[in-house]
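Observations on the three-dimensional arrangement
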Amino acid sequence: MSDSSASHRELDRVAAELAACLPALHRALDRRVAGDYPHPKPPEAQLALLRFVSRQEGATVREAAGALLMKPNNVSALVSQMTGQGLLERRPDRADKRVAHLHTTATARRRLAEVRRLETGFLREALQSLTDGEMDALGSVTGALTSLTRALRPTDH
């Protein structure tokens, strides 16, 4: 057996484990948060948009769509829903009235902070159940997962 076929099998094994584990981790955390969140929990797409806009206040729909790997018309529909719910504001561009800049509302900032607090608390609690070796491994893998996420993003070519 060649090293190449062994390394391909190892890559396939790791890829399959990541593809199964990461969504399961996300669903488990999402369910825990939904159980303790005092409001109807926004769908994941809305949370992703709120997180993006909170980091990039004043971003446009097109910028949000690019960052979230979504179609601009889908983001526009989310923005319409969320402005109706009092979570986002659209502010017209001074130079081009066709362009709107997105801003989170005070309500959205409070609710997003609550979701983050719950997520952090549940993850902290779960992390405390891990061994020192598992914690070291997780500490090492977070940077690798960030790099892997960047590598999976489509190029703009």
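Before reading on, note that the structure itself is shown above.
First, a word on scope: everything that follows refers to the structure included in this document. Treat the numbers as computed from the prediction; the structure is a model and nothing was measured.

Here we take up the overall build of the protein. Within the protein, the secondary structure is distributed over 6 helices and 2 strands. Going from the N terminus to the C terminus, the protein shows its helices and strands as α-α-α-α-β-β-α-α. In terms of overall dimensions, the protein is more spread out than a globule: its C-alpha atoms have a radius of gyration of 19 Å, far above the 15 Å expected for 157 residues. Projected onto its principal axes, the C-alpha coordinates of the protein cover approximately 65 × 40 × 20 Å. Per-residue burial over the protein gives 22% buried out of 157 residues. When contacts within the protein are restricted to residue pairs at least 6 apart in sequence, those whose partners lie at least 24 apart make up 53%. When the accessible surface of the protein is summed, it comes to about 10700 Å², and 56% of that surface belongs to carbon and sulfur atoms.

Empty space among the atoms can be located by rolling a probe the size of a water molecule over them. The space that makes up the largest pocket amounts to roughly 1800 Å³. Along the wall of the largest pocket there are 36 residues; nearest its centre are Leu22, Leu25, His26, Leu145 and Thr149. Within the residue set of the lining of the largest pocket, elements represented by two or more residues are helix 1 (3-36), helix 2 (44-55), helix 3 (61-68), helix 5 (106-127) and helix 6 (132-152). Along the lines of polarity and charge, the residues of the lining of the largest pocket split into 24 nonpolar, 3 polar and 9 charged.

Thresholds, definitions, all that
- Residues numbered from 1 in each chain as written.
- Predicted model: local features only at pLDDT ≥ 70, side-chain atom pairs only at ≥ 80, totals over all residues.
- Heavy atoms only, no water.
- Helix = DSSP H or I, 4+ residues; strand = E, 2+ residues; numbered from the N terminus.
- Rg over C-alpha atoms; globule rule 2.2 N^0.38 Å.
- Buried < 20%, exposed > 50% of the residue type's maximum accessible area, 1.4 Å probe, protein only.
- Contact = heavy atoms within 4.5 Å.
- Areas by Shrake-Rupley, 256 points an atom, 1.4 Å probe, with all protein chains shown as cover.
- 1 Å grid on protein atoms, 1.4 Å probe; cavity = no way out; pocket = protein on both sides within 12 Å on 5 of 7 lines; lining within 4 Å.
- Points joined across faces, edges and corners; volume = space filled by probe spheres on them.
- Nonpolar A, V, L, I, M, F, W, Y, C, P; charged D, E, K, R; others polar.

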